[in-house]
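Fold and contact review
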Amino acid sequence: MTVRATLKTQLTAWRHDLHRHPEFGFEEHRTAAFVAQTLRGFGLDVIEGVGGTGVVGSLRRGTSNRAIALRADMDALRIAENTGRAYASQTPGTMHACGHDGHTAMLLGAAQVLAAEGGFDGTIRFLFQPAEEWGQGAAAMLRDDVMARAPFDEVFGLHNMPGLPLGHVETCPGPIGLRLACIDELGEPEIENLDLSAGSDADICRFEIAVDDWRRLVVKIRHPKSHVCGQLQPK
């Protein structure tokens, strides 16, 4: 049986377990230990305690010295859960209300599939970041020399979006991504201080892509067509 055959069941089980045991920023000790143990089970090299409770897994294939990173956040919010679900939070006053349990499970799933199937030449870093909700986790990992300890050329991440049709993703080049970086590294949004008049690179675009072929998806993101690009103003 292939990894993909049981992936949905495995992702659901991981996500439910993480949801039952939410941890606030820089307190993700159980979560980090679970992530590290799971990654090692896939054969990855693992660094723990990066920036406090961050975890980095490395998967190498082939001979290339190229490296990219895939990133997820792990922390929960100080919110009491009253959903009544079987996998509801067992930690009073703390809940995965922003979906970081799902992000963590998704990145673990990506690591499992890539470790089993390969299909690339180089190194993939799997970054599990603490304390995203209050904007300190990325900066803490950088101060802890994550780039020297596990170097990479590019980093990719995503965020769940309830209400988006199943099988679709949305993306925005330019200021939206920059705004997220400002929130995460500086602790608060600084969008009002950015120069948004620099031309096409500063245009705020929104387009939706049906996910049926990931290679075609990448082409669409890199070459968005003007007729599927509408204005989206940051809040």
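Structure: see above.
The model shown is predicted, which means the values in this text are computed figures rather than measured ones.

Attention shifts here to the environment of Asp144. Along the chain, the position of Asp144 falls in the loop between helix 4 (137-143) and helix 5 (146-149). According to the relative accessible area criterion, Asp144 is partly exposed, its value standing at 27%. When the C-alpha atoms of Asp144 and Gly49 are compared, they prove to be 9.2 Å apart, with 95 residues separating the residues in sequence. Aside from chain neighbours lying at most four places away, what touches Asp144 is Gly49, Val50, Gly51 and Arg149. Among the polar contacts made by the side chain of Asp144, one reaches the main-chain amide nitrogen of Gly51 at a distance of 2.8 Å.

Bringing the nonpolar core into the picture now. Grouped together as the largest cluster of nonpolar side chains are 21 residues, with contacts concentrated most on Val35, Leu39, Leu44, Val55, Leu108, Phe126 and Phe128. When contributions to this core are tallied by element, the ones reaching two or more residues are helix 1 (7-20), helix 2 (29-41), strand 2 (54-61), helix 3 (100-117) and strand 4 (122-129). Leaving out residues up to four positions away in the same chain, Phe126 has contacts with Leu44, Val55, Val56, Gly57, Leu59, Leu70, Leu107, Ala110, Ala111 and Leu114. Counting residues in each nonpolar core, the second largest holds nine residues, with Leu127, Met141, Val146 and Phe152 among its members.

With that settled, consider the pattern of salt bridges. Side chains that differ in charge, positive against negative, can pair when their charged atoms come close. Using the criterion set out here, one finds eight salt bridges in the structure. Its salt-bridge partner being Arg4, residue Glu117 comes within 2.8 Å of it at the nearest N-O pair. With Glu117 in helix 3 and Arg4 in the segment before helix 1, the pair connects residues that are 113 residues apart, well separated along the chain. The class of Glu117 is partly exposed, set by a relative accessible area of 42%. Classification of Arg4 as exposed rests on a relative accessible area of 53%.

About the criteria used
- Along each chain, numbering runs from 1 in the same order as the chain's sequence is written.
- Residues qualify for local features only when their pLDDT is at least 70, as the model is predicted, and side-chain atom pairs are given and counted only at 80 or more; totals for whole chains, interfaces and linings, by contrast, use all residues.
- Side-chain numbers come from the whole structure's heavy atoms, not from hydrogens or water.
- Strands are runs of DSSP state E lasting at least 2 residues, helices are runs of H or I lasting at least 4, and numbering of each runs from the N terminus.
- Here's how the labels work: a residue is buried when its accessible area is under 20% of the maximum for its type, exposed when over 50%, partly exposed in between, all with a 1.4 Å probe on protein chains only.
- Contact criterion: two residues are considered in contact whenever any of their non-hydrogen atoms come within 4.5 Å of each other.
- Polar contacts, as counted here, are pairs of nitrogen or oxygen atoms within 3.5 Å of one another; within protein the pair requires one atom able to donate a hydrogen and one able to accept it, and residues that are adjacent in sequence qualify only if both atoms are side-chain atoms.
- To form a nonpolar core, buried Ala, Val, Leu, Ile, Met, Phe, Trp, Tyr and Cys residues must be joined to one another through side-chain atoms within 4.5 Å.
- The rule for a salt bridge is simple: a side-chain nitrogen of Lys or Arg has to be within 4 Å of a carboxyl oxygen of Asp or Glu.

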